[in-house]
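Analysis of the macromolecular model
For reference, the chains in residue letters:
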Amino acid sequence: IIMLKSGVVLNENEKLVMELEAELWATSSNPIARFIGSIYKIIALIFGIKRHGYVVITDQRVIEVAAVTACWVFNTSKKVTYIMPASIKEVGYMKEATFCGCFCQAYTFYYEGWTQCTSILLKGAEEKDAQHVVDVFYKALRK
C-alpha cells in the first residue's frame, strides 16, 4: 500500500502521475513574495496552524485534498474531493508578471468547474512545466 504526502492511498494497480502541493502562503514565484509567504507560514506555525493543499493525479482519478491542523497536532478539518470529468468546464494555466510588473513570471495552474474554481501557484515553474501539468490533468480527466 502506497500512501502519498497528501494522505491519499493508491488503489491496487493505480499509478501516481503527479502530486501537486499547493503553495498556500506565497502569492507568486517571485523570491520576495515567497520570502514574505514563508514569514506568514512561520507566524502561523508559531500559533500551531498548518494548511495543506494537494491535487493528486493518477492514471485512474483526480483528487483534491485540503487539510488544516491547529495547535500543532489537532486535525481540525480535511476535505477530499474526487474531480469528476463532467464537472470541469476549463483547465489551463496563467502567466503573470510579478514584482513591479516586469520581473519574475508566476505560473498558476487552474481548473474551473460548475461550482468552483481551483488555482495552484506552481513554485519555480517555467512555461513548459505549466503546460505539462495542464496536459497531465487533461489526459487524466479524458480517461
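See the structure above.
Residue indices follow the written sequence of each chain, beginning from 1 at its first position. Only residues with pLDDT of 70 or above have their local features reported here, since the model is predicted, and side-chain atom pairs are shown and tallied only from 80 upward, although totals for entire chains, interfaces and linings are computed over all residues. Side-chain figures throughout are based on the complete set of non-hydrogen atoms in the structure, without hydrogens or water.

1. Observations regarding the layout of surface pockets
Here is the rule we go by: Site definitions follow a grid-based scheme: protein atoms alone, a 1 Å grid, a 1.4 Å probe that fits but cannot get out for cavities, and for pockets an open set with protein on both sides within 12 Å along at least five of seven lines, plus lining residues having an atom within 4 Å of a point. Grid points are joined across faces, edges and corners, and a volume is the space filled by probe spheres set on the points. Note on conventions: DSSP H or I runs of at least 4 residues are helices, E runs of at least 2 residues are strands, and numbering of each starts at the N terminus. Each residue is assigned to one class: nonpolar for Ala, Val, Leu, Ile, Met, Phe, Trp, Tyr, Cys and Pro, charged for Asp, Glu, Lys and Arg, and polar for all the others, Gly among them.
Of the voids in this model, the second largest pocket is the one considered here, and its volume is about 230 Å³. Per element, the largest residue contribution to the lining of the second largest pocket is 4 residues, and it comes from strand β2 (residues 50-58). Class assignment for the residues of the lining of the second largest pocket results in 7 nonpolar, 6 polar and 2 charged.

2. Side note on the sheet that holds β2
What counts is decided by this rule: Pairs of strands are assigned from DSSP output, requiring at least two bridges between the strands. Note on method: axes are straight lines fitted to C-alpha atoms, helices fitted across the in-contact stretch only, with angles between N-to-C directions ranging 0 to 180 degrees.
In space, the 4 strands of this open sheet follow the order β1-β2-β3-β4, with antiparallel pairing throughout. The open sheet has two edge strands, β1 (16-21) and β4 (74-82), and neither has a second partner. Averaged over all adjacent pairs, the angle separating strand axes in this sheet is 15 degrees, with direction ignored. Pairing between β1 and β2: 5 bridges, direction antiparallel. Each residue of the ladder has a partner; that of L20, found in β2, is V55.

3. As for unusual backbone geometry
Applicable threshold: For the exposure calls, accessible area comes from a 1.4 Å probe over protein chains only, and a residue counts as buried if that area is under 20% of its type's maximum, exposed if over 50%, partly exposed in between.
Not every positive phi belongs to a glycine, and N13 is a case in point at roughly 65 degrees. Turning to its location among the elements, N13 is positioned in the segment before β1. For N13, a relative accessible area of 64% puts it in the exposed group. Of note, W72 is a non-glycine position whose phi angle comes to about 70 degrees, a positive value.

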